[in-house]
Amino acid sequence: MDFSFTPEQDALREQAREFLAANPEPTWQQLADLGWTGVSVSEEHGGAGLGFLEEAIVFEEMGRALTHAPYWSTVAVMLPALPPELQADVAAGTSSWALATGPLVPDLDTVTNVAIIGGDSIWELDGADREVLQTNDVTRPLGVVSGGNAGRTLASSELLPRLRTRSLAALALEACGVGSRALELATGYVKERQQFGKPIGVYQAISHPLAKTLMELELGRSLALFAAWCITEDDERATIAAASAKALCADAAVAACERSIQAHGGIGFTWEHVLHRLYKRALWIQSWEASSAQLRSEVAAHLLDGDGR
């Protein structure tokens, strides 16, 4: 059994890392031109006809780059709820979506369309007023919508558990990207910064927490990729795998940012350094949808009350 990525998937990661490093705030059309908005859209409707595993690569790289674009809210959350003709619009770059599951709506500054839940259906929201709020993580702002009317019906609300599973898995993958970049910044710094004639990385007070961070991130990444595989294969373990992955990866990313800030010393607290923005995204991921404690409770309930697989 081969657990490695295919050459095509490796090429996608390389392309994503290079592009997002140069364009942290890409336009939706730029993402569509690269084919990323239609990764899992059928070829018949203008997509690549691939799956969630390929999208997982993009999610992780977007977390690493702190990308400011509605990719998670559109591709992870809303895409399965859209009829084929609207999926074609997403693939073409002419529309993007956010789902309002509560009073706060993510990516409201960049999405073209908002969906709401009403009764037994998911609806498009027409004619609503938007207010984007000032939040800590400027790369993923939140907002509120008011007024408007239910427009066309998009899907049955029975789809919501599946959308939540995809959302949790995507956020776990983003967290892996955030944490990995924070760790890379820390290890690079402690190799260069010297104290008492030695790089500070040789001291156990520095090296041991960073080694623990690597262990936590790699464990979380393995679980997140397993969740992505489950979603791709429509495996019954997808729900619990995604919940486990989001809890573990979000906590690991927050810890990675905190330890990286500590390893950097004074410079880690400066406004000019990227670490505070990575930390804010990690905290955003940790708190969105469900806390790590809530997700662990769901995992425990599954093990105690379910079949334990």
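So, here is what we can say about the structure in this document. (Residues numbered from 1 in each chain as written. Predicted model: local features only at pLDDT ≥ 70, side-chain atom pairs only at ≥ 80, totals over all residues. Heavy atoms only, no water.)

### Observations concerning the sheet that holds strand 3 (residues 113-118)
What the four strands build is an open sheet, ordered 1-3-4-7; its pairing is mixed. Of all the strands in the sheet, just strand 1 (97-100) and strand 7 (149-156) have a single pairing partner and so form its edges. The average undirected angle you get between the axes of adjacent strands in this sheet is 35 degrees. Two elements, strand 3 and strand 4 (residues 121-126), share four bridges in a ladder whose sense is antiparallel. Bridged to Ile-116 within strand 4 is Trp-123. (Pairing = 2+ DSSP bridges. Helix = DSSP H or I, 4+ residues; strand = E, 2+ residues; numbered from the N terminus. Axes fitted to C-alpha atoms, helices over the stretch in contact; angles between N-to-C directions.)

### Describing the pattern of salt bridges
Under the definition given, this model contains 15 salt bridges. Arg-13 is the partner of Glu-60 in a salt bridge, and the nearest nitrogen-oxygen pair spans 3.3 Å. Remark: Arg-13 occurs in helix 1 (residues 7-22) and Glu-60 occurs in helix 3 (residues 52-65); sequence separation between them is 47 residues. Arg-13 shares its class with Glu-60; the two are buried. Here Glu-55 makes a salt bridge to Arg-166, at a shortest N to O gap of 3.6 Å. In this pair, Glu-55 sits in helix 3 while Arg-166 sits in helix 6 (residues 160-192), placing the two residues 111 residues apart along the sequence. You can call Glu-55 buried: its relative accessible area is 0%. Using a relative accessible area of 6% as the deciding quantity, one classes Arg-166 as buried. (Salt bridge = Lys/Arg side-chain N within 4 Å of Asp/Glu carboxyl O. Buried < 20%, exposed > 50% of the residue type's maximum accessible area, 1.4 Å probe, protein only.)

### A word on the nonpolar core
Nonpolar side chains in soluble globular proteins tend to end up buried together. If you look at the biggest cluster of nonpolar residues, it comprises 88 residues, and the most contacted ones within it are Trp-36 and Tyr-71. With 16 residues, the top contributor of residues to this core is helix 8 (residues 238-264). Ranked by size, the runner-up nonpolar core spans seven residues in total, among them Ala-98, Ala-100, Val-105 and Val-111. (Core = buried A, V, L, I, M, F, W, Y, C linked by side-chain atoms within 4.5 Å.)

### Quick notes on empty space enclosed by the protein
For the structure shown, the criterion picks out one cavity of 30 Å³ or more. Lining the largest cavity are Phe-59, Met-62, Thr-67, Ala-69, Tyr-71, Trp-72, Arg-140 and Glu-174. Contributions of two or more residues to the lining of the largest cavity are made by helix 3 and helix 4 (71-78). For the lining of the largest cavity, the residue count by class is five nonpolar, one polar and two charged. (1 Å grid on protein atoms, 1.4 Å probe; cavity = no way out; pocket = protein on both sides within 12 Å on 5 of 7 lines; lining within 4 Å. Points joined across faces, edges and corners; volume = space filled by probe spheres on them. Nonpolar A, V, L, I, M, F, W, Y, C, P; charged D, E, K, R; others polar.)

### With respect to the packing of aromatic side chains
Within the structure shown, the criterion is met by eight aromatic pairs. Taking the centre distance of 6.4 Å and the plane angle of 85 degrees together, the rings of Trp-72 and Trp-288 count as edge-to-face. Remark: Trp-288 occurs in the loop between helix 9 (275-287) and helix 10 (292-305) and Trp-72 occurs in helix 4; sequence separation between them is 216 residues. Residue class for Trp-72 comes out buried when judged on its relative accessible area of 2%. (Phe/Tyr/Trp six-rings, centres within 6.5 Å; stacked < 30°, edge-to-face > 60°.)

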